[in-house]
Every structure is written in structure tokens, then in C-alpha cells.
Amino acid sequence: MKASVLTRERFGFSARALPIAAPTVDAVMAEERAASFAKRSIKTSAKLAGLKLAVSMMDLTTLEGKDTPGKVAYLCRKALQLGDPKYGVPSCAAVCVYPNMVKYARKFLGGDSSVNVASVATGFPSGQYPLRTKLEEVRRVVADGANEVDMVIDRCAFLSGNHAKVFDEIAATKEACGPAHLKVILETGELVTYDNVRLASEIAMRAGADFIKTSTGKVNPAATMPVTLVMLEAIRDYFFATGVRIGMKPAGGIRNAKQALAYLVMVKETLGDDWLTPDLFRFGASTLVNDVLMQIAKTMDGNYQSGDYFSMP
């Protein structure tokens, strides 16, 4: 694959050619290895610990045109206290909302909450907005109280080979974020190939991403284990090259506790225990939370409860 040569100041490179290249991905190997993680058997106490860890890594999300302040308040309440205190379930990592809803989430959670406020931005989900508009949106959500920003890359620019534009927009967005963390959404379902996913991951990390994220949840396929593995391996290689830890967020398509545990196994075996924290790994899967809660109750009580006993996300 051809490298994109970008002249930027990043990690001590001062106005010099910075080649961004990515190795070719062995698709067969990636798919076979990803499938192997789903075959691991996790029992009893290890399973319970993994399920609770998965809860602590969830970004509860509502991204609908009918979102209201009341719905956002409900989501925040759920993120803070998911279930009966007897189960010892931790709070979620964040709530993710549209820009207009950020101020309501921040008002409900307050300034000292353990739950972060994340907002999609930069013309979500298409990314097809002028850069000035994208940056204004980012500054606004941060001013309204978001401490995490989920941006989408311009897939048109990437697929047209204009990788420098993608890099520049991510770098500009990172600057506009100020103190807020930046998650860069690749929308892997539109990138077509694993090689493209690997290259887009590399560009995003070098341009300033704190996290790389698979999907908006608006395009199929969303997160898959092979795509996530390709991105995790990019993070691993980037860490070996720079010493910088980048987070990972698979989003969309993860619907049950068994899948969530398989993702955690993949993270552990690819990146190690240091990444098994909400600071470096997240699930963007609101439909996942109730199945995880049901499995926690089953593990602790010895019997399943109906989904009716758990509030909807």
C-alpha cells in the first residue's frame, strides 16, 4: 500500500515529511484469530468480574431525532445506577448525546460525576460538513460541558486518497477540543477493506486521537471482531513505536454479554491488562447493557430474570 506523506508537527517532528504507512492486513488470519476469541470459556468469578468491567466501559447512547431533555436525564440516571445495589454494578463510563442535548446531560450529572458527557460532532454521521462548521460544533459542545467528543472522519476524502485532508481535520478537531478527549470514528463499514481500516487508524492516531472508534451505529456492518482486531493491532504497534497509549471503542452490533466478554479477551490478549480500563476501552452499545445485567443477576442469584425487570436503555 502506498504511504501518505504528510508534513506536520507531531510528536517532535518539526515541519518535516512524516510518512504514514500501514502494513497489508492478512484478512484470513485476522478473521480466524478474531473468531478464536469467541470460543474461550469464562466461568464463575472471572465471568462476573468481566461482566461488571464491561458495564464500567459502556457509553450509553441516545442519538435520535426525538431525543428530549427528559430522555437524556433518564439515560444519565441509568448510567449512574444501572441496577439493584445488591449486585454491586458500577456506573457506566459516559452518556453520548447530540450536541443540543449536552447542556442537559451536564446539568443532570453535575460537574463531579464519575460519568462523562460525550457528544457526537463534526457533522455526525456523514462528516460531510465544511471544516469551519465542524470546528464550531466541537467548540460549542465542549463549552456546554462535554468532556469527550466523538468525531467522524470524512470518508469521501479518505476513499478519494486525500489522506492529508483527513489528517488535517482530525488535528484541527483535536485542537478545538481543548481539554476534552477526542474519539475518532472511522465508520469502518464504509472503508471496505481491512487495509483501509488499518491506514485510517494510523492516520487518526498520529493526528491526535485519544480513542479510535469503529462506527457511528448508523451504518451496517458496524463493529465486528475482525475489524476491531485490526484496530487493536494498530494501537499496539503505535504504542511500541511511540510509547503513547490510544483507546479503542467498538460501537454498534455488540448485543449480548457473551460477545462483550469475547471482546475483553481480545483486548487482553492483544494489548494486555493496561487496556482493560474505561480510560482505554469502551463499548458503544446501549442495547448490550440489559443482557449484561441479566447475566450478572443470573451469576449471582442462580436464576434468570425477565428483561422486564430492567429498564430500557
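Preceding this paragraph is the structure being described.
Let us look at the structure shown here. Owing to the predicted nature of the structure, the values given are computational and were not obtained by experimental measurement.

Conventions we followed
- Residues numbered from 1 in each chain as written.
- Predicted model: local features only at pLDDT ≥ 70, side-chain atom pairs only at ≥ 80, totals over all residues.
- Heavy atoms only, no water.
- Helix = DSSP H or I, 4+ residues; strand = E, 2+ residues; numbered from the N terminus.
- Buried < 20%, exposed > 50% of the residue type's maximum accessible area, 1.4 Å probe, protein only.
- Areas by Shrake-Rupley, 256 points an atom, 1.4 Å probe, with all protein chains shown as cover.
- Lys, Arg positive; Asp, Glu negative; His and termini not counted.
- Charge placed at Lys NZ, Arg CZ, Asp CG, Glu CD.
- Expected span 1.5 Å × (residues − 1).
- Core = buried A, V, L, I, M, F, W, Y, C linked by side-chain atoms within 4.5 Å.
- Contact = heavy atoms within 4.5 Å.
- Disulfide = S-S within 2.5 Å.
- Axes fitted to C-alpha atoms, helices over the stretch in contact; angles between N-to-C directions.
- Parallel < 35°, antiparallel > 145°, perpendicular 65-115°, else oblique.
- Left-handed = near helix turned anticlockwise from the far one by under 90°.
- Nonpolar A, V, L, I, M, F, W, Y, C, P; charged D, E, K, R; others polar.
- Pairing = 2+ DSSP bridges.
- Polar contact = N/O pair within 3.5 Å; in protein donor to acceptor, adjacent residues only side chain to side chain.
- Salt bridge = Lys/Arg side-chain N within 4 Å of Asp/Glu carboxyl O.
- Right-handed = clockwise from strand over helix to strand, strands pointing away.

### Let's talk about the overall build of the protein chain
Right, so step 1: In terms of helices and strands, the protein chain carries 11 helices and 9 strands.
Right, so step 2: In terms of principal-axis extent, the alpha carbons of the protein chain reach across some 60 × 45 × 30 Å.
Right, so step 3: Expressed as a percentage of the 313 residues in the protein chain, the buried residues total 51%.
Right, so step 4: Of the roughly 13500 Å² that the protein chain leaves accessible, carbon and sulfur atoms contribute 52%.
Right, so step 5: The average position of the 38 basic charges and that of the 32 acidic charges among the side chains of the protein chain differ by 2 Å.

### A look at helix α8 (residues 194-207)
Right, so step 1: In a regular helix each residue adds 1.5 Å, so 14 residues correspond to 20 Å; α8 covers 20 Å between its end C-alpha atoms and thus fits that length.
Right, so step 2: Most of α8 sits out of view: 13 of its 14 residues are buried.
Right, so step 3: Trailing α8 by a residue or two, Gly208 shows a phi angle of about 125 degrees, which is positive.

### With respect to the nonpolar core
Right, so step 1: Counting 93 residues, the largest nonpolar core has Val95, Ile170, Val184 and Phe283 as the members making the most contacts within it.
Right, so step 2: No other element matches helix α10 (residues 257-271), which puts 10 residues into this core.
Right, so step 3: Not counting the four nearest positions on each side in its chain, Phe283 is found in contact with Ala54, Met57, Met58, Asp59, Lys249, Pro250, Ile254, Ala260, Tyr263, Leu264 and Leu288.
Right, so step 4: Counting 7 residues, the second-largest nonpolar core is a separate cluster that includes Leu63, Ala118, Val120 and Ile185.

### Details of the state of the cysteines
Chemically, a disulfide is nothing more than a covalent bond linking the sulfur atoms of two cysteines.
Right, so step 1: The full count for this structure, using the stated rule, is 0 disulfides.
Right, so step 2: For Cys76, which is in no disulfide, the shortest distance to another cysteine sulfur is to Cys92 and amounts to 11 Å.
Right, so step 3: We classify Cys76 as buried; its relative accessible area is 0%.

### Remarks on the packing of helix α3 (residues 69-80) against helix α4 (residues 102-109)
Right, so step 1: Interhelical geometry of α3 versus α4 gives an angle of 45 degrees and a closest axis separation of 9 Å. Judged by the angle between their axes, α3 and α4 are oblique. In terms of crossing hand, the pair formed by α3 and α4 is right-handed. Within the contact between the two elements, α3 uses Pro69, Val72, Ala73, Cys76, Arg77 and Leu80 and α4 uses Tyr104, Ala105, Phe108 and Leu109.
Right, so step 2: Classifying every residue of the contact of α3 with α4 by side-chain character gives 9 nonpolar, no polar and 1 charged.

### Side note on the sheet that holds strand β5 (residues 116-121)
Right, so step 1: Pairing is parallel in the open sheet, where 7 strands are placed in the order β3-β4-β5-β6-β7-β8-β9. Only two strands of the sheet have a single neighbouring strand rather than two, namely β3 (59-61) and β9 (247-249). Strand-to-strand twist across the sheet, computed as the mean angle between neighbouring axes with direction ignored, equals 25 degrees.
Right, so step 2: Summarising the sheet, strand β7 (residues 181-185) and strand β8 (residues 211-213) pair through 3 bridges and their orientation is parallel. When the sheet's bridge partners are listed, Lys183 is paired in β8 with Phe211.

### Details of the side chain of Thr214
Right, so step 1: Tracing the sequence through the fold places Thr214 in the loop between β8 and α9 (225-242).
Right, so step 2: Assessed through its relative accessible area of 0%, Thr214 is described here as buried.
Right, so step 3: Reaching out from Thr214, the side chain makes a polar contact with the side chain of Ser215 at a distance of 2.9 Å.
Right, so step 4: Separated by 2.9 Å, the side chain of Thr214 and the backbone nitrogen of Ala251 make a polar contact.
Right, so step 5: Those residues within four positions of Thr214 in sequence are excluded, and the remaining contacts are Ile185, Leu186, Glu187, Thr188, Ala223, Val227, Thr228, Met231, Met248, Lys249, Pro250 and Ala251.

### Here we look at the pattern of salt bridges
Right, so step 1: What the rule picks out here adds up to 21 salt bridges.
Right, so step 2: A salt bridge links Lys134 to Glu169; its shortest N-O distance comes to 2.7 Å. With Lys134 in helix α5 (residues 131-143) and Glu169 in helix α7 (residues 163-177), this pair connects stretches of sequence that are 35 residues apart.
Right, so step 3: Owing to a relative accessible area of 1%, Lys134 belongs among the buried residues under this scheme.
Right, so step 4: Classification of Glu169 as buried rests on a relative accessible area of 8%.

### Some words on the pairing of β7
Right, so step 1: The buried fraction of β7 is high, at 4 of 5 residues.
Right, so step 2: When strand β6 (residues 148-152) meets β7, the two strands line up parallel, connected through 5 bridges. Along β7, the bridge assignment pairs Val152 with Ile185.
Right, so step 3: In this region the chain leaves β7, passes through α8 and returns to the parallel neighbour β8; the handedness of that crossover is right-handed.

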